[in-house]
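# Architecture at a glance
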Amino acid sequence: MPEINLKLHKNSYPIIIGSKILTGFAKALKQRLFLGNRLVIVTNPTLRRLNWFNPLCKRLSRAGYKVGVVSVPPEATHRREPDLEKFKSNQMAMYLYGEFLKNRLDRTSTVIAVGGGTTGDLASFAASTYMRGINLIHIPTTLLAQVDSSIGGKTAINLPQGKNLVGTFYQPRMVYIDIDVLKSLPRREIRCGFAEIVKYGVIKDGSFFNYLEENIEVIQDIIKSKN
Ligand SMILES: NC(=O)c1ccc[n+]([C@@H]2O[C@H](COP(=O)([O-])OP(=O)(O)OC[C@H]3O[C@@H](n4cnc5c(N)ncnc54)[C@H](O)[C@@H]3O)[C@@H](O)[C@H]2O)c1
């Protein structure tokens, strides 16, 4: 399975990429990182309902971790698909700190952000500030989060005055990318991710841009295959 080691001296971390690799996440966590046994998964109500979510939690429990799951927004308050950007807020950061305390997270514990860029930005902001910073892992589930927001260590919440006005730089201990989870992603979100990918080609890498152009039909087919 492809792996990129992002070299940042003592903050270096692996980015593990593959298809159908979520089943191996608990084992990878146990074997690669020697972390405390308390974890909180921060996610959103949509992802909690997908068929891979509960098995992921069960495997972590079986591997010996005490697993808490926190949805943003909280499950009971929002039944329809919410605009997650509204919940990338200081109120939700406070809510997460409370949930981390309830789950008795300490400096050895880990926050696992399972979701798109909004969930990742909020969860990583909370992980970077709770007890002055605890372990963080990203499992990005949108194309944008897989190619952009989960990498590089930028965390953020919004203020009423504007987007991403408060944040930290905080590197995760691992980024674990299963491209198979993108199957349920709506067409609009796939488009957003591809726009970001094209931007990389335009800004930084001519040969990568040419590669995208040569494969434009494949890309269009992927987008068309979505609802
Ligand atoms: N930290 C960074 O470096 C960085 C970089 C770029 C963007 N961002 C931030 O990322 C955010 C946007 O993230 P996004 O585009 O991933 O959107 P998002 O997190 O709002 O997710 C979009 C929608 O996709 C749904 N979804 C997520 N994964 C799914 C899956 N596998 N199947 C079905 N539905 C799924 C979500 O429930 C949500 O409704 C913005 O807040 C932006 O500021 C951060």
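Please read all numbers here as calculations on a predicted model, not as lab measurements.

Glancing now at the pairing of strand S3 (residues 38-43). Burial of S3 is extensive: six of the six residues sit out of reach of the surface. With burial as the criterion, each face of S3 is covered, one bearing Arg-38, Val-40 and Val-42 and the other bearing Leu-39, Ile-41 and Thr-43. Taken together, the six bridges between S3 and strand S4 (residues 66-71) define a ladder with parallel strand orientation. What sits directly across from Thr-43, in S4, is Ser-71. Where S3 and strand S5 (residues 110-115) come together, four bridges link them in parallel fashion. Within S5, the residue paired with Val-42 across the bridge is Ala-113.

This part takes up the domain arrangement of the protein. When its domains are assigned, the protein resolves into domain 1 (3-183) and domain 2 (186-227). With centres defined by C-alpha atoms, the gap from domain 1 to domain 2 works out at 25 Å. Counting residues at the interface gives six residues for domain 1 and eight residues for domain 2. Of the roughly 610 Å² buried where domain 1 meets domain 2, counting both sides, 64% is carbon and sulfur surface. Together, Leu-143, Leu-144 and Val-147 form the three largest contributors to the area buried by domain 1 at its contact with domain 2, with a combined 65%. Scanning the region where domain 1 abuts domain 2 turns up zero salt bridges. One can count one residue pair in polar contact (both at pLDDT 80 or more) joining domain 1 with domain 2.

Before going further, it helps to examine the environment of Asn-158. By the secondary structure assignment, Asn-158 is in strand S7 (residues 157-159). The buried category is assigned to Asn-158, whose relative accessible area is 12%. Between the C-alpha atom of Asn-158 and that of Lys-88, which follows or precedes it by 70 residues, the distance is 5.8 Å. Once residues within four sequence positions are removed from consideration, Asn-158 is found in contact with Glu-85, Lys-88, Ser-89, Asn-90, Lys-163 and Asn-164. At 2.8 Å, the side chain of Asn-158 and the side chain of Glu-85 are in polar contact.

As a further point, take the side chain of Asn-44. Structurally, the position occupied by Asn-44 is in the loop between S3 and helix H2 (45-48). Residue Asn-44 is classed as buried on the basis of its relative accessible area of 5%.

A few words now on the nonpolar core. One broad rule of soluble globular proteins: the nonpolar side chains tend to lie buried together. Counting 25 residues, the largest nonpolar core has Phe-25, Leu-29, Leu-60, Ile-112 and Tyr-176 as its most contacted members. At the level of secondary structure, the elements contributing two or more residues to this core comprise helix H1 (25-32), S3, helix H3 (53-62), S5, strand S6 (135-140) and strand S9 (174-178). Not counting chain neighbours up to four residues away, the residues in contact with Leu-29 comprise Leu-35, Leu-39, Leu-60, Tyr-65, Ile-137 and Met-174. Listed in part, the 21 residues of the second largest apolar core include Ala-93, Ala-113, Ala-123 and Ile-134.

About the cut-offs
Residues numbered from 1 in each chain as written. Predicted model: local features only at pLDDT ≥ 70, side-chain atom pairs only at ≥ 80, totals over all residues. Heavy atoms only, no water. Buried < 20%, exposed > 50% of the residue type's maximum accessible area, 1.4 Å probe, protein only. Helix = DSSP H or I, 4+ residues; strand = E, 2+ residues; numbered from the N terminus. Pairing = 2+ DSSP bridges. Domains from an automatic or database assignment. Contact = heavy atoms within 4.5 Å. Buried area = accessible area lost by both parts, 1.4 Å probe. Salt bridge = Lys/Arg side-chain N within 4 Å of Asp/Glu carboxyl O. Polar contact = N/O pair within 3.5 Å; in protein donor to acceptor, adjacent residues only side chain to side chain. Core = buried A, V, L, I, M, F, W, Y, C linked by side-chain atoms within 4.5 Å.

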